[in-house]
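# Summary of the model geometry
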Amino acid sequence: MIYVEIFIAFFLPGILGYGGGPASIPLIQYEVVERYEWMTVQEFSEVLAIGNALPGPIATKMAAFIGYEVGGWLGAGVGLFATIAPSLVMMIALVGLLYKHKDSPKVKRLTQYVRPVIAVLLGILTIQFLAGSVEGGGILHTIILLVGSYFLLEKWKVHPAIVIVISIAYGVLFLSGG
C-alpha cells in the first residue's frame, strides 16, 4: 500500500504542477507533510534545500529521496516514475497525435512557426550564458574559451564531451586560483 501512496503523492503534483518543479513544490509539500505525514515541515525544507543544491530537476530529486526514505529503493523508483509519468504520457500522446497528422498543412505550418521561436529562445539563452561567463571569468577568459571551443569542435572535430572536460580543466586551472 505504501508504494501506491508514494505513487499518488508524486503523480498528482506532476499532473497539477503546471510549469514544472518549482510550481509542484507546494503540491509535493502538501502530499508529503499534510496528507501522508511522512515528514515535518522542517524536514521537508531540508530536503528542498538539499535538492536545490544538486543539479537537475527539483521534483525528481525530491521524489527519489522522499520515496527512498519512505519505501527504500523501490519507493525511490516509484516516486521517480510517478514524477515523470504525467509528462511521459502526454509526450507519447502528443507524438502519436502529431505523427497521425504529420502530413496536415496545419501541423507543417505549426512546425514552421515553432522553429524560429525555439531559435530565438536558444539565442537568448546563449546571450545570458555569455554575459554570465564575462561577469564570472572576465572577457579574456571568455574569448579564450569561445575561440578554443570553436576550433576544437568545428576545425578539429573533437567530441563535445572532451571539449567540456577541457573547458572545466581550464576553469579550474585559470579561474579558481588553482
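Okay, so let's go over this structure.

### A look at the environment of Lys157
You can see Lys157 is positioned in the loop between α6 (139–155) and α7 (160–175). With 11 residues separating them along the chain, Lys157 and Ile168 place their C-alpha atoms 19 Å apart.

### Notes on the packing of aromatic side chains
Scanning all chains against the criterion turns up seven aromatic pairs. Consider the rings of Phe7 and Phe11, whose centres lie 5.1 Å apart with planes at 15°: the pair is stacked. With Phe7 and Phe11 both in helix α1 (residues 2–16), this residue pair falls four residues apart, about one helical turn. Using a relative accessible area of 23% as the deciding quantity, one classes Phe11 as partly exposed. Among the aromatic side chains, those forming a connected cluster through ring pairs are Phe7, Phe11 and Phe81.

### Observations concerning a nonpolar patch on the surface
Judged by side-chain polarity, Leu130, Val134, Ile139, Leu140, Ile143, Ile144, Leu146, Val147, Tyr150, Phe151 and Trp156 come together as a nonpolar surface patch covering roughly 1,000 Å² of accessible area. Every element with two or more residues in the nonpolar patch is listed here: α5 (105–137) and α6. Of all the elements, α6 adds the most residues to the nonpolar patch, at eight residues. Taking relative accessible area as the criterion, Ile143 reaches 43% and is therefore assigned partly exposed.

### Quick notes on the pattern of salt bridges
Pairs can form between side chains of opposite charge once their charged atoms are near each other. Under the definition given, this model contains one salt bridge. Across the pair Glu31 and Arg35 runs a salt bridge, and its minimum N-O distance is 3.0 Å. Linking Glu31 with Arg35, this pair stays in helix α2 (residues 21–35), spanning four residues, or about one helical turn. Arg35 gets classed as partly exposed once you look at its relative accessible area, which sits at 42%.

So, how was this worked out
Along each chain, the written sequence defines residue order, and numbers are assigned to residues from 1. For a predicted model such as this one, the threshold for reporting local features is a pLDDT of at least 70, and the threshold for listing and counting side-chain atom pairs is 80 or more; totals across whole chains, interfaces and linings nevertheless cover every residue. Only hydrogens and water are removed before side-chain values are computed, so all heavy atoms of the structure are retained for them. Elements are defined by DSSP. Helices are runs of H or I of four residues or more, strands are runs of E of two residues or more, and each kind is numbered from the N terminus. The pairing test for Phe, Tyr and Trp rings, Trp by its six-membered ring, is centres within 6.5 Å, and the orientation test on the planes gives stacked under 30 degrees, edge-to-face over 60, and tilted for anything in between. Each residue is placed in one exposure class: buried if its accessible area under a 1.4 Å probe, protein chains only, is under 20% of its type's maximum, exposed if it is over 50%, and partly exposed if it falls in between. Within the patch definition used here, like charges are joined within 9 Å and nonpolar side chains (Val, Leu, Ile, Met, Phe, Trp, Tyr) within 5 Å, considering only residues with over 30% relative accessible area and no salt bridge. Residue burial considers only the protein chains on display, and all accessible areas are found by Shrake-Rupley using a 1.4 Å probe. We define a salt bridge as a side-chain nitrogen of Lys or Arg found within 4 Å of a carboxyl oxygen belonging to Asp or Glu.

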